[in-house]
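# What the coordinates show
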Amino acid sequence: MPDALRRTKQLNIASLTPAAISAYFDNVYTTYEWLMSSLSSDEVYYEFPNRLRRPLIFYLGHTAVFYINKLCSAGVLTEEQRPNPHYEDIFAVGVDEMSWDDMADDHFEWPPVADVWKYRRAVKALVLEAIPALDWSAPVTRDMHKQWSVLMSIEHENIHLETSSVLIRELPVEKTRAPDGWAVAPSFGMPPKNKFVHMHGGTVRMGKPSDVVLSPAYGWDCEFGDETHQVGEFEVTQFKVSNAEWLAFVNDKGYEKQELWSEEGWRWCTFSKARHPHFWVPLDASKYRFRTMFEEIDMPWDWPVEVNHLEAYAYCQWRGDGFRLITEPEWRLIAGFPDSYAKDVAARDPGFGSKPTDLSSGYNKDLLFGSSTPVNFFKPNEQGIYDAFGAAHLLFLSSLAYI
C-alpha cells in the first residue's frame, strides 16, 4: 500500500485533537475509496457478487450516507446541510443478513457511479469541516453524542472495509484490478504438524470499561460491561487450522454428511451447494487453486483456512474427540489479555501505538498483507500460540451478546 494509505492505528479517545481525528477520518475514508476503486469498469458496480447482498454501488454510497445521517441525528449537521436527501434515503439501509433474501431480484434504479463518487467528495468536505468545530478537549465518552457520532461513523466504515472486500473478492478476477501497493503474503508449502498446547485456565474479566483511560478505544454498545468467567484447563492447537488440514475434511465428503452439521448449517450447505471453502477454486478431484482478492494462485496450503462459523462447527464434529471452537474467555487467556480492566491493557493492545504495523510487529494487521499469512509466518506468543491476533478471522464458540 502507498505510504499515504498505510492504515493508521486506532484512535486514543482519551486524548484527541481535531488534527488527529481529521487525519484518522481521512485515512479510513481514503482507504475505503482505494478499495472501492478496484473494479474494472463502472458496469461492475451494479453487479451482485453475492445474491444475499446489495450491488456494489450501494456500498460505495452507504458508508458516506452513514456519516450524514448520524451527524444530522446528533446535531453536528443541520437538515439543510444534507448534500442529497434522496441518496441519504436509498443508501441508508442494507440487508438483514439472517433473512436470506435473494437481492439479485432487486431491479432498483441506482444512480450513476460518477455521481456517487461526487457525493462522497461532498461528504468528505462536510465532515472535515465539522470535526474542528467540535470540542475534543475532554476524553470522549458515549454521552458526548456529537463527538461519538463522528467516531461511530468512522468505525462503521472500517467494518465495511472488511465486508466490501469480501464482496469484491467474490467477483470474477477479470472484473477487478489490484490497487497499487496491494501485497499478498508468500506461501512456503505444507504447514508444520499442528500440535496441542496445554492451557492452565484462570480468571477472565471481560467487558469494555466506560473509563476511557483504562480502555481508550471506540466501542460498540455490546462491548461495554463487566463480566467474570472462571476458565478451566483446556488444550488449543498452536496454529490456526490450515488449508492442508481442511483438505482431509473435503476429501472425506464432509460437506455432504448432514449428521455433521447443525440445522442452520445444513440449510446453508444445501442452499449454497458448498463442497469446499468458498475461495477454493476446484480443478479436479482433490486439486485446487486459491482465490485471493485480485487473482488466482496455487493453493497456499500453509495459510489458515477461511470458512464461516457453520463450516467450522461441522469440521469440529468431523474431528470428534471433543474438538471444538474456543470460547472468547479462552481466547483472552491465549492472547494474554485475561483482564479487560487491567491498567496496562491498552499499552499491550496491538491496535494502539504510534509505530505502523510492519513485519517486526509480529502480526498481520492494518493491511500489512491483503491476504492471510502462513500459520507459522510470525513468532508465537508467550503461550506458544501463533497468530493470536491478525492473519485471519477467529471463530468463537461464544455468541455475541450484551454484557
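These lines cover the structure that appears in this document, whether it is placed above or below.

## With respect to the overall build of the protein chain
Summing up its helical and strand segments, the protein chain has 10 helices and 7 strands in all. Taken over the C-alpha trace, the protein chain has a radius of gyration of 22 Å; the compact-globule value for 403 residues is 22 Å, and the two agree within 12%. Seen along its three principal axes, the alpha-carbon backbone of the protein chain occupies a region of about 60 × 50 × 40 Å. The buried share of the protein chain, taken over its 403 residues, is 49%. Sequence separation of 24 or more characterises 75% of the internal contacts of the protein chain that already satisfy a separation of 6 or more.

## Examining the sheet that holds strand β5 (residues 280-284)
If you trace the 3 strands from one edge of the open sheet to the other, you get β5-β6-β7, paired in antiparallel fashion. Two strands in the sheet have a free side with no partner beyond their single neighbour: β5 and β7 (296-298). For this sheet, the mean inter-axis angle between neighbouring strands, taken without regard to orientation, is 40°. Of the strand pairs in this sheet, β5 and strand β6 (residues 287-291) are connected by 4 bridges, and their pairing is antiparallel. Looking at the pairing, D284 lines up with K287 of β6. The strands touched by helix α6 (residues 243-251) within the sheet are β5 and β6, with β5 carrying the most contacts at an inclination of about 55°.

## Some remarks on the packing of aromatic side chains
The final tally for this structure, using the stated rule, is 34 aromatic pairs. Taken together, a centroid distance of 6.0 Å and an interplanar angle of 70° make the contact between F58 and W110 edge-to-face. Note that F58 is positioned in helix α2 (residues 56-73) and W110 in the loop between α3 (87-90) and α4 (113-130), a separation of 52 residues in sequence. Taken as a pair, F58 and W110 share a single burial class, namely buried. A centroid spacing of 6.3 Å and a plane angle of 80° characterise the contact between F196 and F323, whose relative ring orientation is edge-to-face. Placement of the pair is F196 in strand β1 (residues 196-199) and F323 in the loop between α8 (309-319) and α9 (328-335), with a sequence separation of 127 residues. One aromatic cluster is present, built from ring pairs that chain together F196, W246, F249, Y255, W261, W268, Y315, W318 and F323. A cation sits over an aromatic face here: R54 above F58, 5.5 Å from the ring centre.

## As for empty space enclosed by the protein
Per the counting criterion, the structure on display carries 2 cavities of 30 Å³ or more. The calculated volume of the largest cavity comes to roughly 40 Å³. Taken together, the residues that form the lining of the largest cavity break down as 6 nonpolar, 1 polar and 1 charged.

## Comments concerning the environment of Y315
Here Y315 lies in helix α8. Along the sequence, Y315 and L260 sit 55 residues apart, while their C-alpha atoms lie 7.6 Å from each other. The residues touching Y315, leaving out its near neighbours within four places in the chain, are V241, E245, W246, F249 and F323.

## With respect to the pattern of salt bridges
Taken as a whole and assessed by the stated rule, the structure comprises 15 salt bridges. Residues R120 and E33 are paired through a salt bridge, measuring 2.8 Å at the closest nitrogen-oxygen approach. Highlighted residues: R120 in helix α4 and E33 in helix α1 (residues 18-36), separated in sequence by 87 residues. Of the two residues examined, R120 and E33, each falls in the buried class. With its nearest N and O atoms 3.8 Å apart, the salt bridge here joins D221 to R142. Of this pair, D221 sits in the loop between β2 (202-206) and β3 (227-231) while R142 sits in the loop between α4 and α5 (145-169), and the two are 79 residues apart along the sequence.

Calculation notes
- Residues numbered from 1 in each chain as written.
- Predicted model: local features only at pLDDT ≥ 70, side-chain atom pairs only at ≥ 80, totals over all residues.
- Heavy atoms only, no water.
- Helix = DSSP H or I, 4+ residues; strand = E, 2+ residues; numbered from the N terminus.
- Rg over C-alpha atoms; globule rule 2.2 N^0.38 Å.
- Buried < 20%, exposed > 50% of the residue type's maximum accessible area, 1.4 Å probe, protein only.
- Contact = heavy atoms within 4.5 Å.
- Pairing = 2+ DSSP bridges.
- Axes fitted to C-alpha atoms, helices over the stretch in contact; angles between N-to-C directions.
- Phe/Tyr/Trp six-rings, centres within 6.5 Å; stacked < 30°, edge-to-face > 60°.
- Lys NZ or Arg CZ within 6 Å of the ring centre and 35° of its normal.
- 1 Å grid on protein atoms, 1.4 Å probe; cavity = no way out; pocket = protein on both sides within 12 Å on 5 of 7 lines; lining within 4 Å.
- Points joined across faces, edges and corners; volume = space filled by probe spheres on them.
- Nonpolar A, V, L, I, M, F, W, Y, C, P; charged D, E, K, R; others polar.
- Salt bridge = Lys/Arg side-chain N within 4 Å of Asp/Glu carboxyl O.

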